[in-house]
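Letter by letter, the chains look like this.
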Amino acid sequence: MAVKLGPNRYGKAGTRLVHVVKDGPVHHIKDVNVSTSLSGDMQAVHLTGDNAAVLPTDTQKNTVYAFARKHGVGQIEEFALLLAGHFAGSQPSIHHARVEIEEYAWRREGAHSFAREGGEVRTCVVHRDRDGRATVVSGLKDLVLLNSTGSEFHGYIADEYTTLPPATDRVLATAVEARWRHIGDTPSYGTSYERVRRCLVEAFADTHSRSLQQTLYAMGERALTGCEEICEVRLALPNKHHFAVDLSPFGLDNDNEVFFAADRPYGLIEGSVLREDAPDAGFAWE
């Protein structure tokens, strides 16, 4: 039986970096998790164990820290582009670099004191090849949203295994994971992030939902309509089920006021919304 090496890459995952900028007595912090991944002319290391083409993953980690000191850490997309450009251009055996960054927010509590913000995490994934082609995908995860009314779910397929009762008034809750693809130049990734995030939240709040799929589409459509610098949004929305508790054994009614919040099993709704004229994604989603 003949076999051959397929697509492959390697890198350093989970490089934790906290960068402190000292502006006199006032400090600023950037708290990120950086993962790098490289690919290219790597046949020999797989087939014979020859490491001559391999840039060690420890070196990739050290580069992250050195670049933070030399260049600072501004918008995570810009830092990822800087790292990816370095890796894709520094060694002849490396043809492509993928850099993924998660950013954890801190709220200022004093000149040099901070409190960690809960939940939501900002993300980005940057690809760059040795020919200078680059893609930027920004995003967020763990953005927990809830509508206490304005959600329905009925008219679905019912077979011999269906026990779910139709709902005309239910709690709709989810932990949003969203990623969006940039086109052209984005003057300010920070401003763009805030605008896309606001569109997603507003669409969730404004949509009278007959299904979480409908809400997903409304969120993606609102982001694309309000943010011309992006061309595609991919969303994953777990349905964080809330079930009204039966209080009749205690002689009490329950007009959708008391709920049991179940963490599993949960529905998972995924989909993408894109402009009709969106350019080919290339390696953006790899």
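If you look the protein up in an unreviewed UniProt entry, it shows as Uricase from Nonomuraea diastatica. As stated in UniProt under Catalytic activity (unreviewed entry), the record for the protein gives "urate + O2 + H2O = 5-hydroxyisourate + H2O2".

Student: Explain the UniProt feature "binding site: 5-hydroxyisourate" (unreviewed entry) in the protein to me, using residue names and the numbers behind them.
Tutor: Per the UniProt annotation, the sites labelled "binding site: 5-hydroxyisourate" (unreviewed entry) are T57, F153, R170, Q213 and N239. In sequence the annotated residues extend across 183 residues, and in space they extend as well, their farthest C-alpha pair lying 48.9 Å apart. Locating T57 in the fold gives a position in helix α2 (residues 57-71). Accessibility expressed as a relative area gives 25% for T57, which makes it partly exposed. Not counting the four nearest positions on each side in its chain, T57 is found in contact with Y10, G11 and K12. Residue position: N239 is located in strand β7 (residues 230-239). N239 has contacts with R170, L172, A173, L212, Y266 and G267, leaving out every residue within four places of it along the chain.

Student: If you had to explain the pairing of strand β4 (residues 114-129) to someone new, which residues and values would you point to?
Tutor: Strand direction decides the pairing type here: strand β3 (residues 94-108) and β4, joined by twelve bridges, are antiparallel. Bridge pairing in β4 places V99 opposite V126. Joining the antiparallel neighbours β3 and β4 is a turn of five residues. Bridge analysis of β4 against strand β5 (residues 134-147) gives eight bridges, and the strand direction is antiparallel. In the strand pairing of β5, R128 is matched with A134. Counting the residues in the hairpin turn of β4 and β5 gives four residues, including G132, whose phi is positive at 90°.

Student: Account for the pattern of salt bridges, with residues named and values stated.
Tutor: Going through the model one piece at a time under the given rule, you end up with 17 salt bridges. We note a salt bridge from R98 to E100, for which the minimum N-O separation is 3.2 Å. Residue R98 is classed as buried on the basis of its relative accessible area of 16%. Where R133 meets D129, a salt bridge forms, and the shortest distance between an N and an O atom there is 2.6 Å. Residue classification places R133 among the exposed residues on the basis of a relative accessible area of 51%. Taking relative accessible area as the criterion, D129 reaches 7% and is therefore assigned buried. Here the residues in one salt-bridge network are R107, E109 and E117, joined through shared partners.

Student: Summarise the domain arrangement of the protein; cite the residues concerned and give the values.
Tutor: One frequently used descriptor of interface size is the decrease in accessible area upon assembly of the parts. As far as domains go, the protein holds domain 1 (15-132) and domain 2 (142-274). Computed over C-alpha atoms, the centres of domain 1 and domain 2 are 32 Å apart. Contacts between the two partners involve eight residues from domain 1 and, on the opposite side, six residues from domain 2. Approximately 720 Å² of surface area, both sides summed, lies buried where domain 1 meets domain 2, with 52% of it carried by carbon and sulfur atoms.

Student: Go over the packing of helix α4 (residues 189-206) against helix α5 (residues 212-226) with me, naming the residues and quoting the values.
Tutor: What describes two packed helices is the angle between their axes and the distance between those same axes. The interhelical angle for the contact between α4 and α5, taken along N-to-C directions, is 140°, at an axis separation of 8 Å. By the angle class used here, α4 and α5 are oblique. Both α4 and α5 take part in a crossing whose hand is right-handed. Across the interface between the two elements, R195, V196, C199, L200, E202, A203, F204 and D206 of α4 pack against T215, A218, M219, R222, A223 and G226 of α5. In terms of residue class, the contact of α4 with α5 is built from eight nonpolar, two polar and four charged.

What counts as what
- Residues numbered from 1 in each chain as written.
- Predicted model: local features only at pLDDT ≥ 70, side-chain atom pairs only at ≥ 80, totals over all residues.
- Heavy atoms only, no water.
- UniProt positions renumbered as here; feature names shortened; annotations may be inferred.
- Helix = DSSP H or I, 4+ residues; strand = E, 2+ residues; numbered from the N terminus.
- Buried < 20%, exposed > 50% of the residue type's maximum accessible area, 1.4 Å probe, protein only.
- Contact = heavy atoms within 4.5 Å.
- Pairing = 2+ DSSP bridges.
- Salt bridge = Lys/Arg side-chain N within 4 Å of Asp/Glu carboxyl O.
- Domains from an automatic or database assignment.
- Buried area = accessible area lost by both parts, 1.4 Å probe.
- Axes fitted to C-alpha atoms, helices over the stretch in contact; angles between N-to-C directions.
- Parallel < 35°, antiparallel > 145°, perpendicular 65-115°, else oblique.
- Left-handed = near helix turned anticlockwise from the far one by under 90°.
- Nonpolar A, V, L, I, M, F, W, Y, C, P; charged D, E, K, R; others polar.

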